[in-house]
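# Descriptive structure summary
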Amino acid sequence: MNPPNFVSDRKGMVTYMEFRDLKTQYQKLKKEMDQKIQEILNNTNFIMGKEVEELEQSLAKYVGQKHCITCANGTDALSLALMAWDIGPRDVVFVPDFTFFSSGEVVSYEGATPVFVDVDKDTYNIDVEKLEIAIQRVIEENEYIPKVIIAVDLFGQPADFYGIRRIANKYGLKVLEDGAQGFGGAIGEQKACSFGDISTTSFFPAKPLGCYGDGGAIFTNDDQTAELLSSLRIHGKGKDKYDNVKIGVNSRLDTIQAAILQVKLNAFIEYELKDINLWAKKYTEGLKDIVNVPNLKANVSSSWAQYTIQLDSEEQRNGLKSYLQSKGIPSMIYYSKPMHVQKAFQPYPFLGNDLSVTENLCKTVLSLPIHPYMNERLSCFVIDEIRGYLKG
Ligand SMILES: *Cc1c(COP(=O)(O)O)cnc(C)c1O
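The following refers to the structure shown. Just so it is clear, the model here is predicted, and its values are computed rather than measured. (Residues numbered from 1 in each chain as written. Predicted model: local features only at pLDDT ≥ 70, side-chain atom pairs only at ≥ 80, totals over all residues. Heavy atoms only, no water.)

### What about the nonpolar core?
Formally: Here, the term nonpolar core denotes a set of buried Ala, Val, Leu, Ile, Met, Phe, Trp, Tyr and Cys residues that are joined through side-chain atoms within 4.5 Å. The buried label applies to any residue whose accessible area, calculated with a 1.4 Å probe on protein chains only, is under 20% of its type's maximum; exposed applies above 50%, and partly exposed to all values in between. Secondary structure elements follow DSSP: runs of H or I of four or more residues count as helices, runs of E of two or more count as strands, with numbering from the N terminus. We call two residues in contact whenever any of their non-hydrogen atoms come within 4.5 Å of each other.
Core analysis: the largest hydrophobic core is formed by 38 residues, its most contacted members being Phe98, Val107, Val148, Ile150, Leu176 and Ile218. For this core, the secondary structure elements donating two or more residues are strand E3 (67-71), helix H3 (74-84), strand E4 (91-96), helix H4 (102-109), strand E6 (145-152), helix H7 (223-232) and helix H10 (356-364). Aside from chain neighbours lying at most four places away, what touches leucine 176 is Leu78, Ala81, Leu82, Trp85, Val148, Ile149, Ile150, Ala151, Ile198 and Thr200. The next biggest cluster of nonpolar side chains, apart from the first, holds 27 residues, and it includes Leu209, Leu253, Leu265 and Phe268.

### A short note on the site of the ligand
Heads up, the condition is: Throughout, the term near means that a residue has one or more heavy atoms lying within 4 Å of the molecule or strand in question. Two N or O atoms count as a polar contact when they lie within 3.5 Å, although within protein this holds only if one can serve as hydrogen donor and the other as acceptor, and sequence-adjacent residues are included solely when both atoms are side-chain atoms. Gly counts as polar in this scheme, as do all residues outside two lists: the nonpolar Ala, Val, Leu, Ile, Met, Phe, Trp, Tyr, Cys and Pro, and the charged Asp, Glu, Lys and Arg.
As a matter of local geometry, the ligand sits amid 14 residues, with Gly74, Thr75, Asp178, Ser202 and Lys207 nearest to it. Between the ligand and the protein, one listed contact pairs an oxygen atom with a side-chain N or O atom of threonine 75 at 2.5 Å. With respect to the ligand, the side chain of glutamine 181 contributes an N or O atom lying 2.8 Å from an oxygen atom. Looking at the shell around the ligand, the elements with two or more residues in it are H3 and H4. Of the residues that constitute the shell around the ligand, the class distribution is three nonpolar, nine polar and two charged.

### Brief notes about the environment of tryptophan 85
With respect to the secondary-structure elements, tryptophan 85 resides in the loop between H3 and E4. It is 9.9 Å that separates the C-alpha atoms of tryptophan 85 and leucine 229, two residues lying 144 residues apart in sequence. Ignoring sequence-local partners within four residues, the contact set of tryptophan 85 consists of Val148, Lys174, Val175, Leu176, Asp197 and Ile198.

### Looking at the sheet that holds strand E8 (residues 186-187)
Threshold: Strand pairing is assigned whenever DSSP identifies at least 2 bridges connecting the two strands.
Sheet architecture is open: three strands sit in the order E9-E8-E12, paired in antiparallel fashion. Two strands in the sheet have a free side with no partner beyond their single neighbour: strand E9 (190-191) and strand E12 (300-301). One ladder, built from two bridges, connects E8 with E9; its direction is antiparallel. Opposite isoleucine 187, over in E9, you have glutamine 190 as the bridge partner.

### What about unusual backbone geometry?
Residue tyrosine 335 is bonded to the preceding tyrosine 334 through a cis peptide linkage, with omega at 5°. Note on placement: tyrosine 335 falls in the loop between helix H9 (314-326) and H10. Phi at threonine 44 takes a positive value of approximately 55°, unusual for a residue other than glycine. If you trace the backbone, threonine 44 turns up in the loop between helix H1 (22-43) and helix H2 (50-63). We classify threonine 44 as partly exposed; its relative accessible area is 47%. A positive phi angle is found at arginine 90, which is not glycine, with a value near 75°. Turning to its location among the elements, arginine 90 is positioned in the loop between H3 and E4. Among the residues examined, arginine 90 registers a relative accessible area of 48% and is labelled partly exposed.

Take a look at the structure:
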């Protein structure tokens, strides 16, 4: 997270810009937020207070799934899903090559083998044709068993779940939706975090729906899976937490974080999602003739975890980033390294698939500051500076 940057636009107006502005959000929600937090300080129900279950019900209703099980973070949410399916040694899990480290880390953590698959250059999400090639290769080599596809909703746009589901059905695989960045997006009327056999999200502060620390959630329609997940997140509990029927973990969402999320979810539903879409549209209108802007598929909407553009070359991308920085405009490179290049994954087989799109994206992408609390002046400033740099 960048520190606040004071910027002076071309009209000499001074303001400050953050990559994702959580301070303005807090000021707007402060009264209700402080009251909610104070309530829990007074009643001291810090673990599994009533707010946790209330939040789970609201989240399940919002995404349109029967069950929501909150947990300590988005990484644990993915791990718990793989645990519930008993994924382990000799199992293969397919993961996009262009994503945050967690999406692949959890596979290794469960002792299974991640196989990285290239992404689509326009949507940044897993390439369904290359996914099928990767699955066939694992089957041909006949040493590992293909089990799960982890599909990430990168930067807020849901993955191609119709294509993914077709492949999953054809090869008998489960679909795990990593919706850490996707919460709030949709395909038609169906919301992100409802497309997997299990779907997960993260409430890391800078995610589309963030809390004031770490947090995560798991969604499913399956009653038995939900029961298993509820047990696994609290030490494999049976009747209660002192009756332990399996080996689990300690991964709960704090009551205070649940209360914070109750306030934030209301704002998210009432105006934040709508507002961030307006700022994304404004960027697209202002930049589409000069740079590669994000591409939403027909009938798909994004929650804009990131607004990511593609430049022509690594030199141009790095040049623009430095130039923006000199003007006080923060930008980030998500992601600068493909998963298959990460040192931690070098011991794994199947790194030799065609991952050329990811390799190129890592050199050319740049994510711009975006959040629901932008204003006309800030967005024009960013657009003007990018246009100025690319034309000059
Ligand atoms: C942030 C993120 C995660 C992990 O979430 P945490 O809450 O930070 O553990 C997993 N996958 C993706 C795609 C993410 O962006």
